[in-house]
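# A closer look at the structure
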Amino acid sequence: MTATQRFEGLVAVVTGAAGGLGAASAQRLAAEGARVVAVDRDERIVEAAKALPGEAIGVVADIADEASVDAYMAAGIEAFGRIDRFHLNAGIFGSFASIPDLGVDDFEQVMRVNVTGQFLGLRAAFRHYRDQVAAGSFAGGAVAVTASIAGHRGSADLLPYQTSKHAVVGLVHGAAVYGGPLGIRVNGVAPGIVPTQLFAAAATQTGGGNDMVRRASTTPLRRAGAASEIAGVVAFLLSDDSSYTTGEIVTADGGASIVNTVRPAGGAGAWDTAPVDAPLFAEWPGFDPEAAR
């Protein structure tokens, strides 16, 4: 239990709250006094909400479906009368397939959840704030969206995921510009390597759950992050402590983003390219890497 009560009297929606970053965020906000509307497509969200400190409800909903978004908003308003804060967190990682083998359905599914789903959550938040203004009950708003350091740079795998996270940055920027004059702040949090259930299904994939701790050991902090540490950033962005912060993507990655991987200094530069390149070259029979240099 945190000593502060920054969200006393406020109601917060957290999507993807059945596990991972969302569960940690719901726990942190509830511990700081918020009444929580915990949303997830996993039916276990109902029991998870009951375990939170303070008042909370669990709502089973698909964030990429308009009717489901309307339903979780209606449930929250029915239970608590209003909604003040939003952590739009839910997302999926998608396929590790390389570009030539990546299916359109795989690509579009990730975009549907990670981009359309976040858009629908943002739209619902703004519509609710507009209703509050009309009713004379608006007291400012704040939204935090889960982005990723994958939205700042590129890699050869997880193309649908990183494309979606680049798009999330655009959503945050556009919503922040629109909402600023209205007293609505919109920010993003960009986690680095934080082992959660999101990557559990890809535990045997390089870049998935199997080597997250090893990869994180080359960050300046030399360790992976914890979901609770990301929740701390979310709580800051949704609180009045960040009252002059909007349109920002706050990175929480143990310093991974500042390391120049081309140089041998800085921890993350000490890596062997052969294991990474070998599977790629194997996909292209007859390719001569030496001739291509």
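Every chain's residues receive numbers from 1 upward, in the order its sequence appears when written. It should be noted that, the model being predicted, local features are given only for residues of pLDDT at least 70 and side-chain atom pairs only at 80 or more, the latter also being counted only at that level, while totals for whole chains, interfaces and linings use all residues. Heavy atoms throughout the structure, all of them, feed into the side-chain values; hydrogens and water do not.

Our focus in this paragraph is the pattern of salt bridges. Each reported salt bridge corresponds to a side-chain nitrogen of Lys or Arg within 4 Å of a carboxyl oxygen of Asp or Glu. Evaluation of the coordinates by the stated rule reveals 10 salt bridges. Between K50 and E47 there is a salt bridge whose closest N-O contact spans 3.2 Å. Linking K50 with E47, this pair stays in helix α2 (residues 45–50), spanning three residues, or about one helical turn. Across the pair R223 and E229 runs a salt bridge, and its minimum N-O distance is 2.7 Å. Per the convention used, a helix needs a DSSP run of H or I reaching at least four residues, while a strand needs a run of E reaching at least two, with both numbered from the N terminus.

What follows is about the confidence of the model for the chain. Residue-level confidence of the predictor, termed pLDDT, takes values from 0 up to 100. Per-residue confidence for the chain averages 89 on the pLDDT scale, and 89% of its residues sit at or above 70. Confidence drops under pLDDT 50 across residues 263–270; counting only partners more than four residues distant or on other chains, this segment forms 13 contacts. In what follows, residue pairs with any heavy atoms lying within 4.5 Å of each other are defined as contacts.

In this section: the pairing of strand β5 (residues 141–146). Among the six residues of β5, six are classified as buried, and the element is accordingly described as predominantly covered. Burial classification: accessible surface area is computed with a 1.4 Å probe over protein chains only, and a residue below 20% of its type maximum counts as buried, one above 50% as exposed, and the rest as partly exposed. Neither face of β5 is open: one carries G141, V143 and V145, the other A142, A144 and T146, and all of them are buried. Bridge analysis of strand β4 (residues 85–88) against β5 gives four bridges, and the strand direction is parallel. Bridge pairing in β5 places F86 opposite V143. Handedness rule for crossovers: strands pointing away from the viewer, path from the first strand over the helix to the second running clockwise, crossover right-handed. Once the chain exits β4 it traverses helix α4 (residues 104–135) before rejoining the sheet at β5, and the crossover so formed is right-handed. Between any two strands, at least two bridges found by DSSP are needed for them to pair. With six bridges connecting them, β5 and strand β6 (residues 184–191) associate as parallel partners. Among the inter-strand pairings, G141 is bridged to a residue of β6, identified as I184. Read from β5 through helix α5 (residues 159–179) to β6, the crossover connection turns out right-handed.

On to helix α1 (residues 20–31). An ideal rise of 1.5 Å per residue puts 16 Å on 12 residues; α1 measures up with 17 Å between its terminal C-alpha atoms. The element α1 is extensively covered by neighbouring structure, given that nine of its 12 residues are classed as buried. Among all positions of α1, only G20, L21, G22, A24, S25, A26, L29, A30 and A31 are buried. Residues of α1 that are buried make contact with β1 (11–15), β2 (35–40), β4, β5, β6 and α7 (227–238). To estimate how far a helix should extend, the number of its residues minus one is multiplied by 1.5 Å.

Mapped onto the secondary structure, T15 falls in strand β1. Sequence spacing of T15 and I63 is 48 residues, and the spatial spacing of their C-alpha atoms is 7.6 Å.

Let us now look at the packing of aromatic side chains. Stacked, tilted and edge-to-face pairs are distinguished by plane angle, under 30 degrees for stacked and over 60 for edge-to-face with tilted covering the rest, among Phe, Tyr and Trp rings (Trp via its six-membered ring) whose centres lie within 6.5 Å. For the structure on display, the rule yields five aromatic pairs. With a centroid separation of 5.2 Å and an interplanar angle of 35°, the aromatic rings of F281 and F287 are classed as tilted. Members of the aromatic cluster, joined through ring pairs, are F86, Y129 and F138.

Time to look at α4. Here α4 is 32 residues long and its end C-alpha atoms lie 44 Å apart, about the 46 Å a rise of 1.5 Å per residue gives. When the local axis directions of α4 are compared, the greatest deviation, roughly 35°, occurs at R112. Looking one or two residues beyond α4, the residue adopting positive phi is G136, at roughly 75°. What we call the bend at a residue is the angle made by axes fitted to the seven residues finishing there and the seven residues starting there.

Let's shift gears to the environment of G19. Inspection of the secondary structure assignment puts G19 in the loop between β1 and α1. Between the C-alpha atom of G19 and that of R44, which follows or precedes it by 25 residues, the distance is 9.4 Å.

A cluster of nonpolar side chains, L280, W284 and F287, forms an exposed patch at the surface whose accessible area comes to about 310 Å². In this structure, W284 sits in the loop between α8 (274–282) and α9 (289–292). Nonpolar side chains (Val, Leu, Ile, Met, Phe, Trp, Tyr) within 5 Å and like charges within 9 Å form the patches, drawn only from residues with over 30% relative accessible area and no salt bridge. Note on areas: Shrake-Rupley, 1.4 Å probe, and residue coverage restricted to the protein chains presented here.

What follows is about the sheet that holds strand β3 (residues 56–60). Overall, parallel pairing links the seven strands, which are arranged β3-β2-β1-β4-β5-β6-β7 in an open sheet. At either end of the open sheet lies a strand with only one pairing partner, and these are β3 and β7 (249–252). Taking each pair of neighbouring strands and ignoring which way they run, the sheet shows an average axis angle of 15°. Pairing of β1 with β2 involves five bridges; the strand directions are parallel. In the sheet register, V14 faces β2, and the bridge partner there is A38. Here, axes are lines fitted to C-alpha atoms. For helices the fit covers the stretch in contact, and angles between N-to-C directions go from 0 to 180 degrees. Across the face of the sheet, α1 comes into contact with β1, β2, β4, β5 and β6 while running at roughly 170° to β1. Most of the contacts of α4 go to β5, to which it runs at about 175°, and overall it touches β4, β5 and β6.

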